[in-house]
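Chain and residue survey
As a plain string of letters, each chain reads:
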Amino acid sequence: MVDVRDPGTLQLPLAFKRSRGRPRKESPLTGAQRQARFRARREAQAQVLRERLLKALGYLEQGDTGMARHELESLVAATSARPDEGDLDS
């Protein structure tokens, strides 16, 4: 509150109270857009798995069973780990 008799007081800006929860985005995704992104991520992960499996099969065709076994064991470890622990790109 401003004291009219005191020139040193200023009008304080009114602060608006934020609503509860997470702030809304300017352009949120629709359900179809979120689902399309989810499917694209799953397809990308499946493609990485396919490539690694083909790599292991290539080692078998070359007769390098040790490398094929190593590749398959690392593939099993990556797929059986939780998603935040396993790295499928290595």
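The structure this text deals with has already been given above.
If you're wondering where the values come from, they're calculated on a predicted model, not measured in any experiment.

The rules we used
- Residue numbers run consecutively from 1 along every chain, following the written order of its sequence.
- Owing to the predicted nature of the model, reporting of local features is limited to residues with pLDDT of at least 70; listing and counting of side-chain atom pairs is limited to 80 or more, with chain, interface and lining totals taken over all residues.
- Each side-chain value is derived from all of the structure's non-hydrogen atoms; neither hydrogens nor water enter the calculation.
- Only runs of H or I of at least four residues qualify as helices and only runs of E of at least two qualify as strands under DSSP, and these elements are numbered from the N terminus.
- Helix span, expected: 1.5 Å multiplied by one less than the number of residues in the helix.
- Burial classification: accessible surface area is computed with a 1.4 Å probe over protein chains only, and a residue below 20% of its type maximum counts as buried, one above 50% as exposed, and the rest as partly exposed.
- Note on contacts: a residue pair is in contact if any heavy atoms of the two residues lie within 4.5 Å.
- Patch membership requires more than 30% relative accessible area and the absence of a salt bridge. Residues of like charge join within 9 Å; the nonpolar side chains Val, Leu, Ile, Met, Phe, Trp and Tyr join within 5 Å.
- The method behind every accessible area is Shrake-Rupley, applied with a 1.4 Å probe, and residues are considered shielded solely by the protein chains displayed.
- In the sections that follow, a salt bridge refers to a side-chain nitrogen of Lys or Arg positioned within 4 Å of a carboxyl oxygen of Asp or Glu.

So, helix H1 (residues 31–62)
In this model H1 runs 47 Å from its N-terminal to its C-terminal C-alpha over 32 residues, within 8% of the 46 Å that 1.5 Å per residue would give. Among the residues making up H1, those that are buried are Val48, Arg52, Ala56 and Tyr59. Summarising the contacts, the buried residues of H1 are in contact with helix H2 (65–80). At the C-terminal side of H1, glycine 63 shows a positive phi close to 90°.

Comments concerning a nonpolar patch on the surface
On the surface, a nonpolar cluster with roughly 430 Å² of combined accessible area is contributed by Leu53, Leu54, Leu57, Leu60 and Leu72. Top element by residues in the nonpolar patch is H1. It accounts for four residues. As for its position among the elements, leucine 60 is in helix H1. Residue class for leucine 60 comes out partly exposed when judged on its relative accessible area of 42%.

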